[in-house]
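Architecture at a glance
Now for the letters of each chain:
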Amino acid sequence: MVIYCLLTSVFAATLMSGFTRVIQDKKMPGDHDPLRDNWGVKWRAFFKHMDMNGDGKMDENEYVNMTAATVGTITKSAEKEEKMRAFLKENWERWWKSFMKDASFGISADDFISTEPKTREKMVDIQHLVMEVKWALMLFELVDVDVNDSLNETEYGNYLEIFRAPFSPDIFYEADSNSDGSIDKSEMVINELSWTISKSTDGADFYGKVL
Ligand SMILES: [Ca+2]
Ligand SMILES: [Ca+2]
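Nothing here was measured: the structure is a model prediction, and the numbers come from that model.

The next thing to look at is the UniProt feature "domain: EF-hand" (unreviewed entry) in the chain. When the UniProt feature table is mapped to this numbering, "domain: EF-hand" (unreviewed entry) covers residues 42-73. With 72% helix and 6% strand, residues 42-73 has end C-alpha atoms that lie 26 Å from one another.

Right, here's the structure in full:
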């Protein structure tokens, strides 16, 4: 219920607030090229982050176990590591597995991007959007060490480290849509949903600098 309320309020905020203006103010290279498939560029970058052994695919072990282990190392919390592992396993079963072309291997960026129209259709299903919101909030809570419902630069840097992406003040500035010097949950969720769904460069650096 909380997730649905948040989802509704995030969409309302996206439509009604100055979010569009903020995003427009933060245009990035590539925005001017209408033929560029930024959605594909963003997802290709995600797969690169997740493909830890460099074989060109994201497999279950990388997505579930290795990512959970990274969270454990960064947060120094076995409890958070296990919570993340269970969550990742659920996401893998419910979402990622459907993109596997061969049961014994992982998913390549091409496997995912080549079905773009179908994939994007599945992505805007409400159940999937709820999963995306949960993902953004889970990542937020893992790194919000002082539990003040906001991420400072150090905490955001730890979040990026989960995806092996270096922190930069630019990335923090882009994520901080209202420019108040910290990342709150709605900024995290809006950026994540933009990254996931938008064909523009909105939210492009959610998992680290890509453009
Ligand atoms: Ca915090
Ligand atoms: Ca902010």
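On to the confidence of the model for the chain. It should be kept in mind that the predicted coordinates are not to be read in detail where pLDDT is low. For the chain, the average pLDDT comes to 85, and 82% of its residues sit at 70 or higher. Element-level mean pLDDT values for the chain span from 41 in helix H2 (residues 19-25) up to 98 in strand S3 (residues 150-151). Low pLDDT, under 50, characterises residues 12-25; the predicted model gives this stretch eight contacts beyond four residues in sequence or across chains.

Let's shift gears to the packing of helix H8 (residues 126-143) against helix H11 (residues 185-197). Remark: H8 packs on H11, axes separated minimally by 9 Å, with the N-to-C direction vectors making an angle of 130°. One element, H8, and the other, H11, form an angle in the oblique class. Along this stretch, H8 crosses H11, giving a crossing that reads as right-handed. Residues Glu132, Val133, Trp135, Ala136, Leu137 and Phe140 of H8 pack against Lys185, Met188, Val189, Glu192, Leu193 and Thr196 of H11. Each residue belonging to the contact of H8 with H11 can be placed in one class, and the counts come to eight nonpolar, one polar and three charged.

Given a rise of 1.5 Å per residue, 13 residues ought to cover 18 Å, and the 18 Å separating the end C-alpha atoms of H11 matches this to within 8%. Turning to H11, its buried residues are Glu187, Met188, Val189, Ile190, Asn191, Glu192, Leu193, Ser194, Trp195 and Thr196.

Parameters and conventions
Residues numbered from 1 in each chain as written. Chains lettered and ligands numbered in written order. Predicted model: local features only at pLDDT ≥ 70, side-chain atom pairs only at ≥ 80, totals over all residues. UniProt positions renumbered as here; feature names shortened; annotations may be inferred. Helix = DSSP H or I, 4+ residues; strand = E, 2+ residues; numbered from the N terminus. pLDDT = per-residue confidence, 0-100. Contact = placed C-beta atoms within 7 Å. Axes fitted to C-alpha atoms, helices over the stretch in contact; angles between N-to-C directions. Parallel < 35°, antiparallel > 145°, perpendicular 65-115°, else oblique. Left-handed = near helix turned anticlockwise from the far one by under 90°. Nonpolar A, V, L, I, M, F, W, Y, C, P; charged D, E, K, R; others polar. Expected span 1.5 Å × (residues − 1). Buried ≥ 20, exposed ≤ 12 C-beta atoms within 10 Å, placed from the backbone.

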